[in-house]
Amino acid sequence: MSVVVIGLSHRSAPVELRERFAFADETIPVALQALRDSGIASEAAILSTCNRVEIYTDTALAPEAAFAGLKKFLVDHHAFDGSLDEEVYTLAEPHSLHHLFKVAAGLDSMVIGETEIFGQLKDAYELAFAHKHTGARLNKAFQRAFNVAKHIRTATNIQRGSVSVMSAAVELAEKIFTALSEHEVLIIGAGETSEKTARALQSRGVKKITVTNRSPERAAALAAELGGRAVPFDQWPAEFERIDIAISSTAAPHHILDRATLEPLMRRRRNRPLLLIDIAVPRDIDPAVNELENVYLYNVDDLQSIAAEYLKLRQEEAARCEKIIAEKVAALLQANKFSTTDGHR
Amino acid sequence: MAWFTDRHCFLLAVTFYGLSTIYSVFLWRKGFRRDDWVNYILLATGVALHTLAMTKRGLSLHSCPVNNLYEATTFLLWALGLASLAYALLPRFKFICAFAAPLLFTVGIFALMPSLDPPHGLKPEFSGGLRSLHAATILQAYGAFGLAAVAAMMFLVEQRDLKIHKLRALLSFLPSIQRLELITTRLVAVGFVLLTIGLVAGSFLPRKAGVSYFADAKVLWSALLWLAYLEALVAHKFFGRPARRFAVGIVVAFVFLLLTFGLTNKFSTLHQDNTPPATNNVVAMLVTRHPSLVTQQ
């Protein structure tokens, strides 16, 4: 008996192909039953997300025979009439277990170290378990994968830091202000990135949002969506007395906020800290304002370089994670129970 | 164990502060990324030994051990160390130990200079409840100012990193700058209240005829400090002095306090040590530091 994996992921197949092979949640139990009835697998679980479709099985067949059977199952189940070659990967023990552990830890994800896949893998396993399609070997493999993922999360920095412009902005805000719920955000220019950043801030506790835009209708619409209020575009400087975070992304060809404008406003703010996020290109805010006391200005390049640095750190950390995984897979394979278990459930 | 005096104990405490300082250098170099307990344990061991040293000295004197510059300095450091340990338990404040350790170590080395610890008389000159209250509250105030300076240093490091867009600002496990600013302000306020109580208590102490409390060099120096901290607090709280300038002021004020603390005693009529005659000094020192010798006799 051995655990084998067949799958397509963002690394091997384009989205057009991945979506062709995706399993809807409600069809998975039936597919698993068909797979087991075919005699290819004695235990099976299917993971189907936007970035990957993978079938984990425990089989008595030789790996090559199992791969051929699984590939045929995939093609037949989805009535696919094209050819599948390099788009599909097949892994036998110990690589299959190593892959499972990597997927659980987010090391095989598009954004390395992300945690969403952990929940998706858990759901996939629980669905298979609930319909009695897993047995002793897959149960052990999946449970060990979840434990290893948790261990990696606490023992390494694989999940640390913001790998997007929006989350970098949120992290900056949290480094300046103690409780985001007590601070008001001003959005200047109702663009998509501003909206996403505002939503990210809302998810971390921001309650009050003010929106201003050259088009008052667009400002009102975004304010309504975010549960905030809209102010006329010519009145936004007056808001600086109350707000503590400003996100600017207008299409203005010149600076809309410069040092001469901000200096008296800062005095009126009694020098409370002010975080300015300028995600516009060309820039909306004169870089000279960063020289003012208690003003922290970050433009899109600053945020992107933060995200890139974090990604680099995560990649460096991935080597540590791989080492942990290799040790844990070896330990699992050496465990008598895993290598000798043949029974179901 | 009679040979193991309170000074030996304090020396051990300073050694642990030194180890903590060395460890802190690595934490600084790593940008405070790893949030571990090693430094806390090192500092806590130092503070425990420090407490033991002060207890031994206090028991031998039968009073609060704040009778000479060594004792005053160790008391100040103890207050600072203890407060650092307490603050380090707050979320994201563990690294306060990394900022406090170098201060505890360097001032601890200074306190160990033998000239700062002249022997007392058989009964210390500064015994009595009001004197103990005066000395203890003032030294606790200095401890609070010291910790405020440590928090202000943390603020300045973090604020600078944020200003120049250094990734370390985000990677570090330091608290937000707003929180650091709040903690600094609160510590200065606590120190200010304690200093006020200490100075008021001092004004009620008996003194020699013709010696004016308010003309004494140390009292004037303390009043200057009192005014400096009051000005810093008022300017920051009520007149919007920027947090960075406030933090710099707090660090500068504490550095000034440390550098001039010992010196002012020399010019103070009220704080001159009424040391017993030279022949009694040796006996007094032996009795104070080696009480077992008396029982052996």
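The text that follows walks through the structure, step by step, so that each part is easy to find. Just so it is clear, the structure is predicted and the values come from calculations on it, not from any experiment. (Residues numbered from 1 in each chain as written. Chains lettered and ligands numbered in written order. Predicted model: local features only at pLDDT ≥ 70, side-chain atom pairs only at ≥ 80, totals over all residues. Heavy atoms only, no water.)

Concerning helix H9 (residues 243-266) of chain B
All names here are of chain B.
Thought 1: Here H9 contains 24 residues, and its C-alpha end-to-end distance of 35 Å stays within 8% of the 34 Å for a straight helix at 1.5 Å per residue.
Thought 2: Taken as a whole, H9 carries its principal kink of about 45° at Thr260.
Thought 3: Turning to H9, its buried residues number three or more, namely Ala243, Phe246, Ala247, Ile250, Val251, Ala253, Phe254, Leu257, Thr260, Phe261, Gly262 and Thr264. (Helix = DSSP H or I, 4+ residues; strand = E, 2+ residues; numbered from the N terminus. Expected span 1.5 Å × (residues − 1). Bend = angle between axes of the 7 residues up to and from the residue. Buried < 20%, exposed > 50% of the residue type's maximum accessible area, 1.4 Å probe, protein only.)

Details of the packing of aromatic side chains
Residues and elements named next belong to chain A.
Thought 1: Across all of its chains, the model carries 17 aromatic pairs over all chains by this definition.
Thought 2: Seen from their ring centres, Tyr125 and Phe129 are 5.8 Å apart, and the 35° between their planes marks the pair as tilted. One end of the pair, Tyr125, and the other, Phe129, are both in helix H5 (residues 116-130), four residues apart, so they sit about a helical turn from each other.
Thought 3: Its relative accessible area of 45% is what places Phe129 among the partly exposed residues.
Thought 4: Each residue in the set Tyr56, Phe118, Tyr125, Phe129, Phe142 and Phe146 is aromatic and connected to the rest through ring pairs, giving one cluster.
Thought 5: One Lys or Arg, Lys122, reaches over the ring of Phe146 and ends 5.7 Å from the middle of that ring. (Phe/Tyr/Trp six-rings, centres within 6.5 Å; stacked < 30°, edge-to-face > 60°. Lys NZ or Arg CZ within 6 Å of the ring centre and 35° of its normal.)

A closer look at the sheet that holds strand E2 (residues 43-48) of chain A
All names here are of chain A.
Thought 1: Strand order in the open sheet made by the four strands is E2-E3-E1-E4, with antiparallel pairing throughout. Because the sheet does not close on itself, it has two edges, and the strands there are E2 and strand E4 (89-91). Averaged over all neighbouring strand pairs, the angle between strand axes comes to 10°, with direction disregarded.
Thought 2: Examined bridge by bridge, E2 and strand E3 (residues 52-59) share six bridges and lie antiparallel to one another. Across the sheet, Ser48 pairs through a bridge with Val53, a residue of E3.
Thought 3: Packing of helix H4 (residues 95-105) onto the sheet brings it into contact with strand E1 (2-9), E2, E3 and E4, and relative to E3 it is tilted by some 135°.
Thought 4: Of the strands in this sheet, E1, E2 and E3 are in contact with helix H6 (residues 136-155), which crosses E2 at around 40°. (Pairing = 2+ DSSP bridges. Axes fitted to C-alpha atoms, helices over the stretch in contact; angles between N-to-C directions. Contact = heavy atoms within 4.5 Å.)

Quick look at the pattern of salt bridges
Residue and element names in this part refer to chain A.
Thought 1: Taken as a whole, this structure holds 28 salt bridges over all chains when the rule is applied.
Thought 2: Measuring nitrogen to oxygen at the nearest pair gives 3.8 Å for the salt bridge that ties Arg259 to Glu263. Of this pair, Arg259 and Glu263 both sit in helix H10 (residues 259-268), four residues apart, which is roughly one turn of that helix.
Thought 3: Arg259 gets classed as partly exposed once you look at its relative accessible area, which sits at 28%.
Thought 4: Taking relative accessible area as the criterion, Glu263 reaches 30% and is therefore assigned partly exposed. (Salt bridge = Lys/Arg side-chain N within 4 Å of Asp/Glu carboxyl O.)

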